[in-house]
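Commentary on secondary and tertiary structure
Each chain, letter by letter, is given below.
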Amino acid sequence: MEWFTENWTPNIKFSVRIKEHLHSETTPFQQLEVYDSFELGRFFTLDGIMMANEKDEFIYHEMIVHTPMSINQNIKHVLVIGGGDGGSVRELTKYQTIESIDMVEIDERVVRVCQEYFTITTTGLNDPRVSLKFEDGLAYVKNTQKVYDLIIVDSTDPIGPGEGLFSMEFYTNCKRVLAEDGILINQHESPYFEKESTEMKRAHKKIKSLFPIAEVYQAFIPTYPSGHWLFGFASKKYHPIKDFKKAHITSLGLETKYYNGDVHQGSFALPNYVRNALKEV
Ligand code: SAM
């Protein structure tokens with residue numbers, strides 16, 4: 001195969017020239033492919049949608065982790081839902097203050113295949129603070145008695161196994177297992193194309209109805225549809241800008257390629273078309 005092509009809309013395609021098709025597998029949950037490419041390095045897809053590539057994965061993983069970590073300095077127990085490539089866990093393990101990281105991924109094959117092909121994202125999975133649980137995140141948050149300071153929903157799109165992770169039932173249970181000063185972060189789709197924008201508004205509406213603080217922030221991720229990507233920030237206590245202490249995050253001296261204190265503040269400054277879309281919900 002010479003090109004990998006993803007349909008961003010019925011009228012727009014995104015294509016990447018392939019060096020080698022490294023792996024192909026039908027897991028019990030989805031179709032998993034791994035490729036090596038000329039410009040993006042290795043990348044993997046689930047059901048034909050690019051999940052992570054070696055060139056820009058740092059943007060998504062840094063933004064989904066460091067944004068909440070810089071708000072609440074008492075985060076000790078973290079739950080990651082999905083996140084099979086390990087990138088979110090890698091960023092979390094940069095904090096010595098974190099005591100436990102539970103990663104609940106529905107598809108063990110994603111983790112195992114990523115461990116084989118993506119050392120760049122999976123290094124943190126061997127950290128002794130990390131527990132891997134292979135089960136549905138929806139069922140996990142319903143049944144667990146544990147309390148978390150931070151929940152990161154690093155999910156696929158709201159189709160297939162990821163659908164339940166955008167439901168009211170899921171968000172309600174996340175709220176239940178969050179500490180009083182806990183933070184919930186979700187990958188929130190793109191505001192640009194209609195399909196993702198509709199999903200984003202639906203998710204935001206549900207989260208806003210449950211949490212007193214529900215904000216949205218953005219990052220530029222070249223290989224996700226439109227490149228303009230959003231994350232949801234929800235908390236019972238902390239506001240992502242009013243409670244942001246730039247000096248604290250700077251003093252940690254984290255090694256990051258995208259995230260910094262200025263990016264943090266700027267990422268909550270949303271363009272009018274996004275603000276207006278959020279006002280509609
Ligand atoms: N950041 C990527 C994106 O937006 O394209 C997604 C990353 S990918 C690692 C998301 C992971 O969520 C996949 O490995 C998938 O197996 C997992 N997942 C999907 N539905 C899930 C569920 N119900 N419970 C737990 N994990 C789930």
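With an unreviewed UniProt entry as reference, the protein chain is termed Polyamine aminopropyltransferase, source organism Peloplasma aerotolerans. In its Pathway (unreviewed entry) section, the UniProt entry covering the protein chain states "Amine and polyamine biosynthesis; spermidine biosynthesis; spermidine from putrescine: step 1/1."

Moving on, we come to the environment of isoleucine 75. In this fold, isoleucine 75 is placed in the loop between helix H1 (57-69) and strand E6 (77-82). Placed 20 residues apart in sequence, isoleucine 75 and tyrosine 95 show a C-alpha to C-alpha distance of 9.6 Å.

Taken together, 5 strands build an open sheet; the order of strands is E1-E2-E3-E4-E5 and the sheet is antiparallel. Edge strands, defined here as strands with exactly one partner in the open sheet, are strand E1 (3-9) and strand E5 (49-53). On average, each strand axis in the sheet is tilted by 45 degrees relative to the strand beside it, whichever way the strands run. Sheet analysis places E1 next to strand E2 (residues 12-26), joined by 6 bridges and oriented antiparallel. What sits directly across from asparagine 7, in E2, is lysine 13.

Taken together, 24 residues form the shell around the ligand, and within it Gly82, Gly84, Ile106, Gly137 and Pro161 come nearest. Among the elements of the structure, E6 and helix H5 (137-143) are those that each provide at least two residues to the shell around the ligand. For the shell around the ligand, the per-class residue count stands at 10 nonpolar, 9 polar and 5 charged.

The 7 strands are arranged E8-E7-E6-E9-E10-E12-E11 in an open sheet whose pairing can be described as mixed. Two strands bound the open sheet, and with one partner strand each, they are strand E8 (130-133) and strand E11 (213-220). Averaged over all pairs of adjacent strands, the angle between strand axes in this sheet comes to 15 degrees, irrespective of strand direction. Bridge count between strand E9 (residues 148-154) and strand E10 (residues 178-187): 5 bridges; the pairing is parallel. Along E10, the bridge assignment pairs leucine 150 with isoleucine 183. In the packing of helix H7 (residues 194-210) onto the sheet, contacts are made with E10, E11 and strand E12 (228-235), and the angle to E12 comes to roughly 10 degrees.

Take the pairing of strand E3 (residues 31-37) next. Sheet topology places E2 next to E3; 7 bridges connect them, and they run antiparallel. Directly across from histidine 23, in E3, lies its bridge partner valine 34. Between the end of E2 and the start of E3, which pair antiparallel, lie 4 residues. In this structure, E3 lies alongside strand E4 (residues 42-46), joined through 5 bridges in antiparallel fashion. If you follow aspartate 36 over to E4, its bridge partner there is arginine 42. What sits between E3 and E4 in their antiparallel hairpin is a turn of 4 residues, with glycine 41 showing a positive phi close to 70 degrees.

Cross-referencing UniProt, the feature "binding site: S-methyl-5'-thioadenosine" (unreviewed entry) maps to Gln30, Glu105, Asp136, Gly137 and Pro161 in the present numbering. Among the structural elements, glutamine 30 can be located in the loop between E2 and E3. Setting aside residues up to four positions removed in sequence, glutamine 30 forms contacts with Leu46, Asp47, Asp107, Gly160 and Pro161. Here glutamate 105 is to be found in the loop between strand E7 (100-104) and helix H3 (108-117). Each residue touching glutamate 105, except ones within four places of it in the same chain, is listed here: Gly82, Gly83, Gly84, Val110, Val111, Leu132 and Phe134.

Another aspect to go through is H3. Regarding H3, the residues found buried are Val110, Val113 and Cys114. Projected onto a plane normal to the axis of H3, the buried residues spread over an arc of 100 degrees and lie on a single side. Where the residues of H3 are buried, they touch E2, E3, E4 and helix H4 (119-122).

Moving on, we come to the domain arrangement of the protein chain. Quoted interface sizes are often the accessible area lost when the parts come together. Per the domain assignment, the segments of the protein chain are domain 1 (2-53) and domain 2 (57-279). One C-alpha centre belongs to domain 1, the other to domain 2, and the line joining them spans 23 Å. Taken together, the residues that form the side of domain 1 that touches domain 2 break down as 12 nonpolar, 5 polar and 3 charged.

Once that is clear, we can look at the packing of helix H6 (residues 168-177) against H7. Between H6 and H7, whose axes approach to 10 Å, the crossing angle comes to 35 degrees. By crossing handedness, the relation of H6 to H7 is classed as right-handed. Residues Met168, Tyr171, Thr172 and Lys175 of H6 pack against Lys206, Ile207 and Leu210 of H7. When its residues are assigned to classes, the contact of H6 with H7 shows 4 nonpolar, 1 polar and 2 charged.

Definitions and limits used
- Residues numbered from 1 in each chain as written.
- Predicted model: local features only at pLDDT ≥ 70, side-chain atom pairs only at ≥ 80, totals over all residues.
- UniProt positions renumbered as here; feature names shortened; annotations may be inferred.
- Helix = DSSP H or I, 4+ residues; strand = E, 2+ residues; numbered from the N terminus.
- Pairing = 2+ DSSP bridges.
- Axes fitted to C-alpha atoms, helices over the stretch in contact; angles between N-to-C directions.
- Near = placed C-beta within 6 Å.
- Nonpolar A, V, L, I, M, F, W, Y, C, P; charged D, E, K, R; others polar.
- Contact = placed C-beta atoms within 7 Å.
- Buried ≥ 20, exposed ≤ 12 C-beta atoms within 10 Å, placed from the backbone.
- Arc of directions from axis to C-beta.
- Domains from an automatic or database assignment.
- Left-handed = near helix turned anticlockwise from the far one by under 90°.

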